[in-house]
Amino acid sequence: MRTLEQVMDEILDLAANHFTVPRNELSYDDDFFKKLGIDSLQALDLLTRLEQRFGVELPDYELQGVTDFRALAERIKARI
Amino acid sequence: MKDFNGQTLSCRSQGGILELTLHRPACNEIGSATLAEMERFVDAMDDAAGEASALIICSSLKTGFSAGADLRELYTRSREMPVEARTASVRDFLQRIHRVFNRIDSSPMTTVAAVHGVTFGGGFELALTCDLIIADRMARFCFPELRLGLIPGFGGIPRLRRDLGNGIVRDLLLTGRSINAVRAHAVGLVSQLAGEGEALNVARSTAAQIGKFDRATRATAKRFIKPLPVEQLTEEIEIFCRLFTEPAVESGLRRFVESTDAHPYLP
């Protein structure tokens, strides 16, 4: 069972790799829309990659109001 | 069939396969320009059906297959009209798009939607007209219309009901959530999963296989197993037009159109 920190680290690794942002510039409480420079369509792309990575389904309404990696990781962890 | 290069879509014919490619930025929103070119396309498609065995519908845009109806155009045009004229205009648009989608749905050719990325609302409904959906693993499917106080209006629910169990139809319609391609494949919505960027190649390979079968037999089989849900499609237009007069729709459209945040496609 992954810890919340492990989930957050995996999210940051995936985001840094896919959106070509240096990993050391990302931290748990960053606003991922701003930090990754993504719009809603790209956020859906990120959502799909996260679902595949963690083997979960994450309904997009659960992302309502979620803007930082920590909250995103909490939503994912609740479904692992 | 003569190749066609329009503002919103293009069509080419090669080796007995028609390819209809959507290419209207940002994500193939379907408004009056797309509808007019689709009407031209289905006229040509019917003429070509004697020669071609399969039709592939795809998008050349990175963003996805289609984000659905052009809500900005719908909102802008509606605001310029009195209420009675709004409903008549929407009804006319829906009847025209139903005619187009029904002709694709019942074409004697075998039809394949090769989808990737965003396949939402009217774009999802276009994919559902096809006999097969081949999806890139990064595709997402969604009916977001309830967020706007509407139901899908391009024939999506009757077609989804024709193809799938009522449970997944209710899930998609009543939650407005998007599902990924793997889930869509698991519930039987997607015929084949393709790797990232490979949906069109897989669709072409499938279309080549389809071309090996006898034309008349193929068309007969399709007629037998894929009837048009005519009554439900007609009822859908009536329900949509009735809902469209509700104040919630105008405010929902305004929220979407005037949104300046980064996530208007999220609930």
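Details of the structure are given in the entry above.
Below is a short write-up of the structure. Just so it is clear, the model here is predicted, and its values are computed rather than measured.

**Examining the side chain of Ser66 of chain B**
Residue and element names in this part refer to chain B.
At step 1: Take Ser66: it is sitting in strand S5 (residues 64–66).
At step 2: In terms of polar contacts, Ser66 uses its side chain to reach the backbone carbonyl oxygen of Asn28, at 2.8 Å.
At step 3: For Ser66, the contacting residues outside a window of four places in its chain are Cys27, Asn28, Ile30, Val118, Thr119, Phe120 and Gly123.

**Some details on the packing of aromatic side chains**
Residue and element names in this part refer to chain A.
At step 1: Tallied over the entire structure, the rule returns seven aromatic pairs over all chains.
At step 2: Plain terms: the ring middles of Phe32 and Phe69 are 5.6 Å apart, the flat faces sit at 45 degrees to each other, and that makes the pair tilted. Here the residue Phe32 occupies a position in helix H2 (residues 32–36), and Phe69 occupies one in helix H4 (residues 69–77), the gap between them amounting to 37 residues.
At step 3: Look at Phe69 and you get buried, because its relative accessible area is 0%.
At step 4: Clustering of aromatic rings is evident, with ring pairs tying together Phe32, Phe33 and Phe69.

**Digging into the sheet that holds strand S4 (residues 54–59) of chain B**
Residue and element names in this part refer to chain B.
At step 1: A sheet is described by the order of its strands in space; here seven strands give the open sequence S1-S2-S3-S4-S6-S8-S11, paired in mixed fashion. Only two strands of the sheet have a single neighbouring strand rather than two, namely strand S1 (4–5) and strand S11 (192–194).
At step 2: The pairing of S4 with strand S6 (residues 110–115) spans four bridges and is parallel. Bridge assignment links Ile56 to a residue of S6, and that residue is Val112.
At step 3: The strands touched by helix H8 (residues 199–210) within the sheet are strand S2 (9–14), strand S3 (17–22), S4, S6, strand S8 (132–136) and S11, with S8 carrying the most contacts at an inclination of about 150 degrees.

**Describing the pattern of salt bridges**
All names here are of chain B.
At step 1: Counted under the stated rule, the structure contains 28 salt bridges over all chains.
At step 2: The shortest N-O distance in the salt bridge between Glu19 and Arg204 comes to 2.6 Å. Note that Glu19 is positioned in strand S3 and Arg204 in helix H8, a separation of 185 residues in sequence.
At step 3: Taken together, the shared-partner salt bridges connect Asp105, Asp131, Arg159, Arg162, Asp163, Lys222 and Lys226 into one network.

Reading the values: rules and limits
Residues numbered from 1 in each chain as written. Chains lettered and ligands numbered in written order. Predicted model: local features only at pLDDT ≥ 70, side-chain atom pairs only at ≥ 80, totals over all residues. Heavy atoms only, no water. Helix = DSSP H or I, 4+ residues; strand = E, 2+ residues; numbered from the N terminus. Polar contact = N/O pair within 3.5 Å; in protein donor to acceptor, adjacent residues only side chain to side chain. Contact = heavy atoms within 4.5 Å. Phe/Tyr/Trp six-rings, centres within 6.5 Å; stacked < 30°, edge-to-face > 60°. Buried < 20%, exposed > 50% of the residue type's maximum accessible area, 1.4 Å probe, protein only. Pairing = 2+ DSSP bridges. Axes fitted to C-alpha atoms, helices over the stretch in contact; angles between N-to-C directions. Salt bridge = Lys/Arg side-chain N within 4 Å of Asp/Glu carboxyl O.

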